[in-house]
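# Geometric and topological summary
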Amino acid sequence: MYTVLNSSTDETYHRWDAEAMARCGKRLGVTVEQQSVPASQVMTKALRMASSKSLPDVIQFDASEMPVFAEAGGLVDLRTLGLSTDHVPDGIVDFGSYRGTYYGAARSVNTLALFYNKTVLAEAGVRTPATWDDLRAAARELTRGKRYGLALSAGGAEDGVFQFTPFMWSNGGDERELDSPEVVEALDFWKALLKDGSLSRSTVNWTQADVNDQFMAGNAAMMINGPWQVETLNSDPGLDWGIAEIPVPEAGADSVAPLGGAVLTVPRTGDDGRRRTAGRIVACLTSEKEQLTYALNSWMVPADERAAAEWRSQVPELDALADQVAAARSRTALLGAGWPAVSLALQSAFQSALTGQSSEAALKRAQQRATSGN
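What this report covers is the structure whose coordinates are included nearby. For every chain, the first residue of its written sequence is number 1, and the numbers climb from 1 along that sequence. Restriction of local features to residues with pLDDT of at least 70 applies here, the model being predicted, together with a cutoff of 80 or more for giving and counting side-chain atom pairs; totals for whole chains, interfaces and linings are based on all residues. The side-chain quantities take in all heavy atoms of the structure and omit both hydrogens and water.

## Digging into the pattern of salt bridges
Salt bridges, as used here, are contacts in which a Lys or Arg side-chain nitrogen is within 4 Å of a carboxyl oxygen on Asp or Glu. What the rule picks out here adds up to 16 salt bridges. Here Arg274 ties to Asp57 by a salt bridge, and the two come within 2.9 Å at their closest N and O atoms. In this pair, Arg274 is assigned in helix 11 (residues 272–285) and Asp57 in the loop between helix 2 (42–51) and strand 3 (58–62), connecting sequence segments 217 residues apart. The buried label goes to any residue with under 20% of its type's maximum accessible area, the exposed label to any with over 50%, and the partly exposed label to all in between, with areas taken from a 1.4 Å probe on protein chains only. The exposure class assigned to Arg274 is partly exposed, which follows from its relative accessible area of 27%. Numbered from the N terminus, helices here are DSSP runs of H or I no shorter than four residues, and strands are runs of E no shorter than two.

## As for unusual backbone geometry
Positive phi, normally seen in glycine, also occurs at Lys53, with a value near 55°. Mapped onto the fold, Lys53 is located in the loop between helix 2 and strand 3. For Lys53, a relative accessible area of 77% puts it in the exposed group. A positive phi angle, near 70°, is found at Trp299, a position not held by glycine. Note on placement: Trp299 falls in the loop between helix 12 (288–298) and strand 12 (301–302).

## Considering the packing of helix 1 (residues 11–28) against helix 11
One way to put it is that helix 1 packs onto helix 11 with a least axis distance of 10 Å and a crossing angle of 125°. When the axis of helix 1 is compared with that of helix 11, the two are oblique. Two packed elements cross with a definite hand, and for helix 1 against helix 11 that hand is right-handed. Every residue of helix 11 that contacts helix 1 at Ala20, Met21, Cys24, Arg27 and Leu28 is listed here: Arg280, Ile281, Cys284 and Leu285. Classification convention: Asp, Glu, Lys, Arg as charged; Ala, Val, Leu, Ile, Met, Phe, Trp, Tyr, Cys, Pro as nonpolar; all other residues, Gly among them, as polar. Across the contact of helix 1 with helix 11, the residue classes tally to 7 nonpolar, no polar and 2 charged. In this analysis, axes come from line fits to C-alpha atoms, helices being fitted only over the stretch in contact, and the angle between any two N-to-C directions falls in the range 0 to 180 degrees. Throughout, the term roughly parallel applies to angles under 35 degrees, roughly antiparallel to angles over 145, roughly perpendicular to angles from 65 to 115, and oblique to all others. In a left-handed crossing the near helix is turned counterclockwise from the far helix by less than a right angle, and in a right-handed crossing that turn is clockwise. Residues are treated as being in contact if the distance between any of their heavy atoms lies within 4.5 Å.

## With respect to helix 7 (residues 158–170)
A turn of α-helix holds 3.6 residues, and therefore any two residues three or four places apart point the same way. Here helix 7 spans 19 Å end to end across 13 residues, near enough to the 18 Å set by a 1.5 Å rise per residue. Note on bend: at a given residue it equals the angle between the axes fitted to the 7 residues ending there and to the 7 starting there. At Phe164, helix 7 is deflected by roughly 30°, the largest bend along its length, and proline Pro166 occurs up to four residues later in sequence. Counting buried residues along helix 7, 11 of its 13 residues qualify, which places the element largely inside the surrounding structure. Considering only its buried residues, helix 7 is in contact with helix 6 (132–142), helix 8 (181–196), helix 9 (208–216), strand 9 (220–225) and helix 15 (339–353). Downstream of helix 7 by a residue or two, Gly172 has a phi angle that is positive, lying close to 90°. One less than the number of residues in a helix, times 1.5 Å, gives the span that helix is expected to have.

## Re the side chain of Asn171
By secondary structure assignment, the location of Asn171 is in the loop between helix 7 and helix 8. With relative accessibility at 13%, the residue Asn171 sits in the buried group. In protein, a polar contact requires one atom able to donate a hydrogen and another able to accept it; more generally it is a pair of N or O atoms within 3.5 Å, and residues adjacent in sequence count only if both atoms are side-chain atoms. Within the structure, the side chain of Asn171 is placed 2.9 Å from the backbone oxygen of Glu182, a separation counted as a polar contact. A polar contact is formed between the side chain of Asn171 and the side chain of Glu185, at a distance of 3.0 Å. The residues contacting Asn171, other than those within four sequence positions of it, are Trp132, Glu182, Glu185, Ala186 and Pro249.

## Section: helix 2
All buried positions along helix 2 are accounted for by Val42, Met43, Lys45, Ala46 and Met49. Looking straight down helix 2, one finds that the buried residues subtend no more than 165° of arc, so they occupy a single side. In the core, the buried residues of helix 2 are packed alongside strand 1 (2–6), strand 2 (32–36), strand 3 and helix 3 (66–71). Immediately downstream of helix 2, the backbone of Lys53 shows phi near 55°, a positive value. The reported arc concerns the directions from the helix axis to the C-beta atoms and nothing else.

## What about a negative patch on the surface?
For patch building, the residue pool is restricted to those with more than 30% relative accessible area and no salt bridge; the joining distance is 9 Å between like charges and 5 Å between nonpolar side chains (Val, Leu, Ile, Met, Phe, Trp, Tyr). In this description, accessible areas are obtained by the Shrake-Rupley approach with a 1.4 Å probe, and a residue is regarded as covered only by the protein chains that are shown. Residues counted as positive are Lys and Arg, residues counted as negative are Asp and Glu, and His and the chain ends are not counted. A single reference atom marks each charge: NZ on Lys, CZ on Arg, CG on Asp, CD on Glu. Taken together, Asp133, Asp134, Glu177, Asp179, Glu182, Glu185, Asp188, Glu250 and Glu360 make up a surface patch of like negative charges. Turning to its location among the elements, Asp188 is positioned in helix 8. Judged by relative accessible area, Asp188 falls into the partly exposed class, the value being 39%.

## Topic: the sheet that holds strand 9
Paired strands are those between which DSSP finds at least two bridges. One open sheet holds the 4 strands; their spatial order is 8-9-7-10, and the pairing between them is mixed. Either end of the sheet is taken by a strand with one partner, and the two such strands are strand 8 (148–151) and strand 10 (241–244). Neighbour-to-neighbour, the strand axes of the sheet open up by a mean angle of 20°, direction not taken into account. Pairing of strand 7 (residues 113–117) with strand 9 involves 4 bridges; the strand directions are antiparallel. The partner of Leu114 across the bridge, within strand 9, is Ile224.

Written out as structure tokens, the structure is:
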């Protein structure tokens, strides 16, 4: 029996994974079972299993965490196991790589987009915003009574950082210099939305799930969120929603959003035979056919270009999401295992800046924290 450690604790995801593993196991003549723990516990459990020499055959890490395990020398280069990246966009190859070595194969990826209530925008005569100026004006116009123009997550967790990166990156800033004028300007834009009254003061406490709840309850006309919310959105037949790329500072600029999702890795167990079979399991789970099945179930975008093209034809309403993925960037591409320190520093900066401190001061402190580790 071969074991896959993952975070598929949700009933539907657990079932989809079980079905995929059963199909691949049958194809390869082996039994494949999953061991699921909450996402926040995958890394801890994997490290504990490594120390007790009881590692599973395959580990599915959140891509932002994978470099930590790779840096410790715990993962196998997937190319040595025969996995190809011929039909995988460079950004997604980087997503599963650490220092140029391909350790993690993605079945699907996700990113953020601007979701909007078609009915509300139509009644207000507001066009879907494409630039920051458009977004600020639209959010002001759509803020009425208990309804805010926009909802987003600026909470003190990775959700908030994930949501800030499109504003930071599209404005030319990056995680290596958090106190640069470009990053300050991006955070100032969030502050302007808050000052306008277009964002709720509770933004600093909201997760992405909270944002979706507000949008579905009619308390926000637009939101920044991801495809993992689609199944919930579709549960309300009266909600007519659409998506667009996240607005950019100026017309013509690239909308650069973060890649999200998980990658399948093969840990070093010391057993070459099992390692080769584990590689074949990963290859099967990330095959074009399996990627398409998984993506259609989960509303994520297939990592393989051929599967993504077929996905676009089957879910044209999410076409803008596929465009956003095409230009998306891995959070760990520049800093690798150094990303968590930056994430924590940014989380503190949001809390400070959105409750009164200047963006410049908050981000200067964030840069100090990120580089010093304090």
